[in-house]
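# Reading the structure
Here is what each chain is made of, one letter per residue.
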Amino acid sequence: MLEEWQTSLKNDDTGRKIYNIMPSVSLRATNWIREDVIFFSQHGPFPAYLKRLHLSDSDYCSCGGIGTALHYATECIYTVSWHMRKPAPNFEQEWLKRVANNLVSRQRIRGIIKFISGNRYLFRPP
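This section reports on the structure supplied with the text. Everything numeric in this text was worked out from a predicted model, so none of it was measured.

What counts as what
Residues numbered from 1 in each chain as written. Predicted model: local features only at pLDDT ≥ 70, side-chain atom pairs only at ≥ 80, totals over all residues. Heavy atoms only, no water. Salt bridge = Lys/Arg side-chain N within 4 Å of Asp/Glu carboxyl O. Helix = DSSP H or I, 4+ residues; strand = E, 2+ residues; numbered from the N terminus. Buried < 20%, exposed > 50% of the residue type's maximum accessible area, 1.4 Å probe, protein only. Phe/Tyr/Trp six-rings, centres within 6.5 Å; stacked < 30°, edge-to-face > 60°. Polar contact = N/O pair within 3.5 Å; in protein donor to acceptor, adjacent residues only side chain to side chain. Contact = heavy atoms within 4.5 Å. Core = buried A, V, L, I, M, F, W, Y, C linked by side-chain atoms within 4.5 Å. Axes fitted to C-alpha atoms, helices over the stretch in contact; angles between N-to-C directions. Parallel < 35°, antiparallel > 145°, perpendicular 65-115°, else oblique. Nonpolar A, V, L, I, M, F, W, Y, C, P; charged D, E, K, R; others polar.

### A short note on the pattern of salt bridges
Tallied over the entire structure, the rule returns four salt bridges. With a shortest N-O distance of 3.5 Å, Asp-36 and Arg-106 are connected by a salt bridge. Here Arg-106 lies in helix α7 (residues 103-118) and Asp-36 lies in helix α3 (residues 34-41), a separation of 70 residues in the sequence. Like Arg-106, Asp-36 is buried.

And the structure:
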(Lines give C-alpha, C1' and ligand atoms only; values in the text may rest on other atoms or scores of the structure.)
Protein backbone atom coordinates (compact mmCIF):
# COMPACT_ATOMS: atom_id res chain seq x y z
CA MET A 1 0.00 0.00 0.00
CA LEU A 2 2.80 2.44 0.88
CA GLU A 3 4.62 1.60 -2.35
CA GLU A 4 1.49 2.31 -4.40
CA TRP A 5 0.96 5.58 -2.55
CA GLN A 6 4.59 6.60 -3.08
CA THR A 7 4.43 5.74 -6.78
CA SER A 8 1.20 7.67 -7.17
CA LEU A 9 2.66 10.69 -5.39
CA LYS A 10 5.86 10.56 -7.42
CA ASN A 11 4.09 10.31 -10.79
CA ASP A 12 1.18 12.67 -10.18
CA ASP A 13 1.13 16.30 -11.35
CA THR A 14 -0.73 17.62 -8.31
CA GLY A 15 0.72 18.45 -4.93
CA ARG A 16 4.17 19.35 -6.27
CA LYS A 17 4.77 22.11 -3.70
CA ILE A 18 4.42 19.69 -0.78
CA TYR A 19 6.09 16.81 -2.65
CA ASN A 20 9.17 18.99 -3.18
CA ILE A 21 9.40 19.49 0.59
CA MET A 22 8.33 15.99 1.68
CA PRO A 23 8.94 13.56 -1.20
CA SER A 24 8.30 10.40 0.83
CA VAL A 25 4.97 9.14 2.10
CA SER A 26 4.68 8.00 5.69
CA LEU A 27 2.11 6.70 8.12
CA ARG A 28 3.58 8.98 10.78
CA ALA A 29 1.67 12.21 11.22
CA THR A 30 3.49 15.46 10.58
CA ASN A 31 3.37 18.13 13.22
CA TRP A 32 2.04 20.66 10.73
CA ILE A 33 -0.98 22.77 11.56
CA ARG A 34 -3.37 24.60 9.23
CA GLU A 35 -1.10 27.63 8.78
CA ASP A 36 1.85 25.41 7.81
CA VAL A 37 -0.19 23.66 5.13
CA ILE A 38 -1.48 26.98 3.77
CA PHE A 39 2.01 28.44 3.49
CA PHE A 40 3.86 25.44 2.08
CA SER A 41 1.10 24.43 -0.35
CA GLN A 42 0.73 28.12 -1.26
CA HIS A 43 -3.05 27.58 -1.34
CA GLY A 44 -4.42 30.37 0.76
CA PRO A 45 -5.09 34.09 1.00
CA PHE A 46 -2.30 34.96 -1.42
CA PRO A 47 -3.20 37.28 -4.32
CA ALA A 48 -1.09 35.23 -6.76
CA TYR A 49 -3.04 32.09 -5.84
CA LEU A 50 -6.42 33.84 -5.91
CA LYS A 51 -5.70 35.28 -9.36
CA ARG A 52 -4.66 31.87 -10.66
CA LEU A 53 -8.07 30.54 -9.56
CA HIS A 54 -9.80 33.57 -11.15
CA LEU A 55 -11.00 34.73 -7.71
CA SER A 56 -9.15 38.03 -8.07
CA ASP A 57 -8.22 40.32 -10.93
CA SER A 58 -4.73 40.99 -9.63
CA ASP A 59 -1.84 39.00 -8.19
CA TYR A 60 -0.39 42.08 -6.50
CA CYS A 61 -0.22 42.72 -2.77
CA SER A 62 -1.30 46.20 -1.70
CA CYS A 63 2.37 47.00 -1.02
CA GLY A 64 3.05 46.62 -4.76
CA GLY A 65 4.81 43.24 -4.76
CA ILE A 66 3.51 40.00 -6.24
CA GLY A 67 1.46 38.43 -3.44
CA THR A 68 3.05 35.01 -2.98
CA ALA A 69 3.79 33.11 0.21
CA LEU A 70 7.49 33.89 -0.22
CA HIS A 71 6.70 37.60 -0.66
CA TYR A 72 4.97 37.73 2.72
CA ALA A 73 7.72 35.74 4.44
CA THR A 74 10.58 37.86 3.12
CA GLU A 75 9.70 41.29 1.77
CA CYS A 76 6.15 42.60 2.33
CA ILE A 77 6.11 45.78 4.40
CA TYR A 78 3.03 44.55 6.27
CA THR A 79 4.69 41.38 7.58
CA VAL A 80 8.12 42.75 8.41
CA SER A 81 7.85 41.53 12.03
CA TRP A 82 8.08 37.93 10.77
CA HIS A 83 10.54 38.34 7.90
CA MET A 84 13.23 35.83 7.09
CA ARG A 85 16.13 36.23 4.70
CA LYS A 86 15.00 35.85 1.09
CA PRO A 87 16.65 32.94 -0.73
CA ALA A 88 18.33 33.27 -4.09
CA PRO A 89 15.90 32.04 -6.78
CA ASN A 90 17.89 28.86 -7.41
CA PHE A 91 17.79 28.00 -3.67
CA GLU A 92 14.09 28.62 -3.04
CA GLN A 93 13.22 24.92 -2.79
CA GLU A 94 16.05 24.25 -0.34
CA TRP A 95 14.96 27.31 1.69
CA LEU A 96 11.40 25.96 1.90
CA LYS A 97 12.69 22.59 3.13
CA ARG A 98 14.79 24.24 5.82
CA VAL A 99 11.94 26.47 6.96
CA ALA A 100 9.58 23.48 7.05
CA ASN A 101 12.01 21.59 9.27
CA ASN A 102 12.72 24.48 11.66
CA LEU A 103 10.17 25.07 14.41
CA VAL A 104 11.21 28.72 14.97
CA SER A 105 10.79 29.46 11.27
CA ARG A 106 7.44 27.70 11.22
CA GLN A 107 6.30 29.84 14.16
CA ARG A 108 7.07 32.90 12.03
CA ILE A 109 5.16 31.42 9.10
CA ARG A 110 2.19 30.74 11.38
CA GLY A 111 2.26 34.35 12.55
CA ILE A 112 2.26 35.61 8.96
CA ILE A 113 -0.65 33.41 7.91
CA LYS A 114 -2.71 34.34 10.98
CA PHE A 115 -2.00 38.04 10.37
CA ILE A 116 -2.92 37.86 6.68
CA SER A 117 -6.09 35.87 7.43
CA GLY A 118 -7.18 38.32 10.11
CA ASN A 119 -6.37 41.46 8.10
CA ARG A 120 -7.28 40.63 4.51
CA TYR A 121 -8.35 44.22 3.85
CA LEU A 122 -4.68 45.28 4.12
CA PHE A 123 -3.63 42.94 1.33
CA ARG A 124 -6.05 43.94 -1.41
CA PRO A 125 -4.33 44.97 -4.64
CA PRO A 126 -3.62 48.68 -5.16
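### Description of the packing of aromatic side chains
Applying the stated criterion across every chain, the model contains four aromatic pairs. Taken together, Trp-32, Phe-39 and Phe-40 form an aromatic cluster joined through their ring pairs.

### Side note on the side chain of Thr-79
Within the secondary structure, Thr-79 is located in the loop between α5 (69-74) and α6 (92-100). For Thr-79, a relative accessible area of 0% corresponds to the buried category. Here the side chain of Thr-79 touches Tyr-72 through a polar contact of 2.5 Å, landing on its backbone oxygen. Here the side chain of Thr-79 touches His-83 through a polar contact of 3.4 Å, side chain to side chain. The residues contacting Thr-79, other than those within four sequence positions of it, are Tyr-72, Ile-112, Phe-115 and Phe-123.

### Description of α3
The buried fraction of α3 amounts to six of the eight residues, a majority that puts the element mostly inside the structure. Listed as buried for α3 are Glu-35, Asp-36, Ile-38, Phe-39, Phe-40 and Ser-41. Backbone geometry just downstream of α3 places Gln-42 in the positive-phi region, at approximately 60 degrees.

### Brief notes about the nonpolar core
Buried together is how nonpolar side chains tend to be arranged in soluble globular proteins. Ranked by internal contacts, the top residues of the largest apolar core, which has 23 residues, are Phe-39, Phe-40, Phe-46, Tyr-72, Ala-73, Trp-95 and Ile-109. Where this core is concerned, the elements lending two or more residues are α3, α5, α6 and α7. Beyond its immediate chain neighbours, meaning those up to four positions away, Phe-46 contacts Ile-38, Phe-39, Gly-67, Thr-68, Ala-69, Tyr-72, Ile-113 and Ile-116.

### Some details on the packing of α3 against α7
Axis separation between α3 and α7 bottoms out at 9 Å; the angle between their running directions is 90 degrees. As judged from the angle between their axes, α3 and α7 are roughly perpendicular. Contacts between α3 and α7 involve Glu-35, Asp-36, Ile-38, Phe-39 and Phe-40 from the first element and Arg-106, Ile-109, Arg-110, Ile-113 and Lys-114 from the second. When its residues are assigned to classes, the contact of α3 with α7 shows five nonpolar, no polar and five charged.

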